[in-house]
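Each chain, letter by letter, is given below.
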Amino acid sequence: MYAQFFGNYLLSKRAVTAEQVIQAMEEQHIRHLKVGTLAIHAGYMSTSQVDDILMRQSQNQGKRFGELAIEAGYLNKEQLESLLHQQIPIYLLIGQRLVENGALTNTQLDNLIISYQQENQLSQLENATLQKENLHTLIRNLFLITYSDIPEYLIKYLSLLFNNLIRFIGEDFMPLNPILCQEYVTNHCYGQIINGEYSLTSYLDIEEDSAIAFASRYVKEDFTAFNEYVRASIEDFLNIHNGLFNVNISNEDSIELLLNPPVNLENTMISSSSNILHLPIIYPFGTLNILIKV
């Protein structure tokens, strides 16, 4: 989950462009994380030491990075073995691709990862409770300027949304900074009302070509045209997500919420006397526009 927010963090620091992050997210799943990147992240080697080994490796094509690092005294065998077997944070994969593509240097990436972890108070521990707390912190920080007093139930809603996007659509996305507006004109959109102790209306809006790609990923079939199956996929994703949210609230908070059927709102003006929260989420195939009225 950190990779998606790390991309937004890099944009906020103007370190890279959105196109560079999306390209890195597309490519990371087919590449292995390099030992040098792991060594920096683990604190075993400095960026200058990694650059030194890369230079040596370019002159000794037959030798591996780890072998050269041990020869230079930068790593020992136990450290190398540990690096080769550890679980990899996905944002390191994204960062490595940005370095390989020339968007960042190793030093810049290392500094940005450190500041990202510190500013968001992220822990490297992997237990589920701590990971949930980390995700909630990332969401609060994402909305800090736009919506500083974001309620806890909305944080839970968005946390589930990001997890469901990973589960059903894919992890290669990045949220942009949220926007507050009072009017929004839809493309292909479904909306759904949740009522109860607290209420919200959520919308998923998407352009035609992006909707075809979204539906193809969702049902794991290749759609080539915008049709009723594509529309049904958008509706079904929103309905399943909101249904899961209601179940979670019932289980965790003992609060029963009512869920209205989804409504088709294609080419419609959505307006509100209060603010509408607009969260754009970029995938390689296009942008999902999540809108929430609370």
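Residues numbered from 1 in each chain as written. Predicted model: local features only at pLDDT ≥ 70, side-chain atom pairs only at ≥ 80, totals over all residues. Heavy atoms only, no water.

A. Looking closely at helix α10 (residues 152-168). The end-to-end C-alpha distance of α10 is 24 Å, a good match for the 24 Å that 17 residues give at a rise of 1.5 Å each. Positioned one or two residues after α10, G170 has a phi angle of 140°, which is positive. (Helix = DSSP H or I, 4+ residues; strand = E, 2+ residues; numbered from the N terminus. Expected span 1.5 Å × (residues − 1).)

B. Highlighting the pairing of strand β7 (residues 269-283). Here strand β1 (residues 174-175) pairs with β7 via two bridges, running antiparallel. Its bridge partner being in β7, M174 is matched across the sheet by I282. Relative to strand β8 (residues 286-293), β7 is paired through eight bridges, and the arrangement is antiparallel. Across the sheet, residue H278 finds its bridge partner in β8, namely L291. A loop of two residues connects β7 with β8, the two strands running antiparallel in sequence. (Pairing = 2+ DSSP bridges.)

C. View of empty space enclosed by the protein. Throughout the structure, instances matching the rule amount to two cavities of 30 Å³ or more. Considered as a void within the structure, the largest cavity measures approximately 70 Å³ in volume. In terms of lining residues, the largest cavity is bounded by T37, I40, H41, L92, N106, L109, D110 and I113. Per-element accounting of the lining of the largest cavity gives the leading share, four residues, to helix α8 (residues 106-119). Looking at the lining of the largest cavity residue by residue, the class counts come to four nonpolar, three polar and one charged. For the second largest cavity, the calculated volume is near 40 Å³. Where the lining of the second largest cavity is concerned, the elements lending two or more residues are α10, β4 (200-206) and α12 (228-253). (1 Å grid on protein atoms, 1.4 Å probe; cavity = no way out; pocket = protein on both sides within 12 Å on 5 of 7 lines; lining within 4 Å. Points joined across faces, edges and corners; volume = space filled by probe spheres on them. Nonpolar A, V, L, I, M, F, W, Y, C, P; charged D, E, K, R; others polar.)

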